[in-house]
Amino acid sequence: MKAAVLYSGGKDSSLMAVLLDKFGYDVELITVNFGIFNSSLPAQKAAENLGFKHRVLSLDKQILLDAVDMIVRDNFPNNGINHIHHEVIEHVACDYDVIADGTRREDRIPKLTMSEIQSLEDRMNVQYLNLSGIGYKTVNDISSEIFELEKRESDIHNSSDYEMEVRTYLKEHGHDIENIFPQHIQSKVIGWRKNE
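Residues numbered from 1 in each chain as written. Predicted model: local features only at pLDDT ≥ 70, side-chain atom pairs only at ≥ 80, totals over all residues. Heavy atoms only, no water.

(A) Expanded view of the overall build of the protein. Scanning the protein for helices and strands turns up 8 helices and 7 strands. The principal-axis extent of the C-alpha atoms belonging to the protein is close to 45 × 40 × 30 Å. Taken over 196 residues, the protein has a buried fraction of 50%. When contacts within the protein are restricted to residue pairs at least 6 apart in sequence, those whose partners lie at least 24 apart make up 78%. Counting only carbon and sulfur atoms, one obtains 48% of the accessible surface of the protein, whose full area is about 9,800 Å². Across the protein, the mean location of the 21 positive side-chain charges is 5 Å away from that of the 32 negative side-chain charges. (Helix = DSSP H or I, 4+ residues; strand = E, 2+ residues; numbered from the N terminus. Buried < 20%, exposed > 50% of the residue type's maximum accessible area, 1.4 Å probe, protein only. Contact = heavy atoms within 4.5 Å. Areas by Shrake-Rupley, 256 points an atom, 1.4 Å probe, with all protein chains shown as cover. Lys, Arg positive; Asp, Glu negative; His and termini not counted. Charge placed at Lys NZ, Arg CZ, Asp CG, Glu CD.)

(B) Structural detail: the packing of aromatic side chains. Counted under the stated rule, the structure contains 1 aromatic pair. On the basis of an interplanar angle of 35 degrees and a centroid distance of 5.7 Å, the ring pair of phenylalanine 147 and tryptophan 192 is categorised as tilted. Placement of the pair is phenylalanine 147 in strand 6 (residues 147-153) and tryptophan 192 in strand 7 (residues 185-192), with a sequence separation of 45 residues. Judged by relative accessible area, phenylalanine 147 falls into the buried class, the value being 2%. Its relative accessible area of 36% is what places tryptophan 192 among the partly exposed residues. (Phe/Tyr/Trp six-rings, centres within 6.5 Å; stacked < 30°, edge-to-face > 60°.)

(C) Inspection of the packing of helix 3 (residues 61-74) against helix 4 (residues 78-92) at higher detail. Relative orientation of the contacting elements helix 3 and helix 4 amounts to 160 degrees, with a least axis distance of 7 Å. Taken together, the axis directions place helix 3 and helix 4 in an arrangement best described as roughly antiparallel. The two elements helix 3 and helix 4 cross, and the hand of that crossing is right-handed. Residue-level inspection shows Ile63, Asp66, Ala67, Met70, Ile71 and Asp74 of helix 3 in contact with helix 4, the latter providing Asn79, Gly80, Ile81, His83, Ile84, Glu87 and His91. (Axes fitted to C-alpha atoms, helices over the stretch in contact; angles between N-to-C directions. Parallel < 35°, antiparallel > 145°, perpendicular 65-115°, else oblique. Left-handed = near helix turned anticlockwise from the far one by under 90°.)

(D) Just the nonpolar core, in detail. Counting 34 residues, the largest nonpolar core has Phe34, Leu64, Ile84, Val88, Val92, Val166 and Leu170 as the members making the most contacts within it. Discounting chain neighbours no more than four positions away, the residues touching isoleucine 84 are Phe34, Ile63, Ala67, Tyr162 and Val166. Among the nonpolar cores identified, the runner-up in size contains 21 residues, and Tyr7, Met16, Val27 and Leu29 belong to it. (Core = buried A, V, L, I, M, F, W, Y, C linked by side-chain atoms within 4.5 Å.)

So yeah, pure geometry; function would need other evidence.
See below:
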């Protein structure tokens, strides 16, 4: 079965890819780009180092611009990032049997509600998987055992999530991104952990 994992190059989406691969799915990692900034490079490198197929999906810039309007209006990223995530999933659902991402139990965004998941699966005849039953500590423990990780504050050079192009666009248009996006640490996957 063809499975698309929405891929940022981080430990969560990498763990989801490994799980699906171990259960025999034909996994392809998908990183989305809207043409504002080539945010896919960290994900491409991580996918290459892990040996997974990777594809950059170019989507309409208007999706990102609509999200930016929401973020500026709210002065907070949640609604805008969720908007992007919903749009991406709808596009990816057209080409795959399974769609997965690395959202965990504690994640607030991007995230689908249970009714949104059921609607997606029924309307598009797909399966949707995430890590919502697994908490941060468990994902961190497992990921630390199987991946070589680099942890540092999230920025456009170490992450391929939706936020990076949004940040770039906002900064280019004079917005104070430090005031909009909370600071957080990003765990970038460098490759497989070497057994000692």
